[in-house]
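Architecture and fold: a report
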Amino acid sequence: ADIIEDTIVLIRLKLAQSKIHLRFAPPGRALVVDAHKGQLQQVLLNLLINATQAMPDGGSITLSAGTEERNGVQFATIDITDTGGGIPETIRDRIFDSFLSGRPDGTGLGLAIAKRILLSHHGDITLAATSPAGTTMRITLPLAK
């Protein structure tokens, strides 16, 4: 929650200028992960900027954090949900590929770098949902023991 809140501070002005309302409800308990704070902030900033660019006329972003268990391992989860137009079906299965961008001015490296950072922390990033009403990206990281 501290890393998320610190990242929100970095992008709050851009969100306000873009007429985007951000909601974040911290989890009920502290979620401790063994990770590099700067790298996690880079992932979060990238996802928040992508969400902002998906809503050129404004909208909302909801951040939620929780836990899930997979194969006996506890993971922290962070969902980033926007009210943008969704990811086109033609590129959904390739969004984590290097140099794929849905924008003419994009480098296509943001999601590829985010995925590489999270995999290096034994976590992952997935496209949880997308439709014309918005997109949800999910970050998972193993909880520290």
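Structural notes, computed from the coordinates. The model shown is predicted, which means the values in this text are computed figures rather than measured ones.

The rules we used
- Residues numbered from 1 in each chain as written.
- Predicted model: local features only at pLDDT ≥ 70, side-chain atom pairs only at ≥ 80, totals over all residues.
- Heavy atoms only, no water.
- Pairing = 2+ DSSP bridges.
- Helix = DSSP H or I, 4+ residues; strand = E, 2+ residues; numbered from the N terminus.
- Axes fitted to C-alpha atoms, helices over the stretch in contact; angles between N-to-C directions.
- Contact = heavy atoms within 4.5 Å.
- Salt bridge = Lys/Arg side-chain N within 4 Å of Asp/Glu carboxyl O.
- Buried < 20%, exposed > 50% of the residue type's maximum accessible area, 1.4 Å probe, protein only.

This brings us to the sheet that holds strand 2 (residues 59-70). Sheets are built from strands paired through backbone hydrogen bonds, the pairs being either parallel or antiparallel. Taken in spatial order, the five strands of this open sheet run 1-2-3-5-4, and their pairing is mixed. Here the strands that pair on one side only, and so sit at the sheet edges, are strand 1 (20-25) and strand 4 (124-131). Within this sheet the neighbouring strands show an average axis-to-axis angle of 20°, counted without direction. Sheet topology note: the strand 4/strand 5 (residues 134-142) ladder contains seven bridges and is antiparallel. Note that in strand 5 the partner of Ser 131 across the bridge is Gly 134. Along the sheet, helix 3 (residues 110-120) makes contact with strand 4 and strand 5, crossing strand 4 at roughly 135°.

For the structure shown, the criterion picks out five salt bridges. Where Glu 68 meets Arg 70, a salt bridge forms, and the shortest distance between an N and an O atom there is 2.9 Å. Exposure remark for Arg 70: the relative accessible area of 37% places this residue in the partly exposed category. Lys 115 is paired through a salt bridge with Asp 124; the nearest N and O atoms lie 2.8 Å apart. Each of Glu 68, Arg 70, Asp 79 and Arg 138 takes part in one network of salt bridges that share partners.

Burial of strand 3 (residues 73-82) is extensive: seven of the 10 residues sit out of reach of the surface. Across 10 bridges, the pairing between strand 2 and strand 3 is antiparallel. Bridged to Glu 69 within strand 3 is Gln 74. Between strand 2 and strand 3, which follow one another and run antiparallel, lie two residues, and Asn 71 among them has a positive phi close to 50°. In this structure, strand 3 lies alongside strand 5, joined through eight bridges in antiparallel fashion. Residue pairing across strands places Ile 78 opposite Ile 139, the latter belonging to strand 5.

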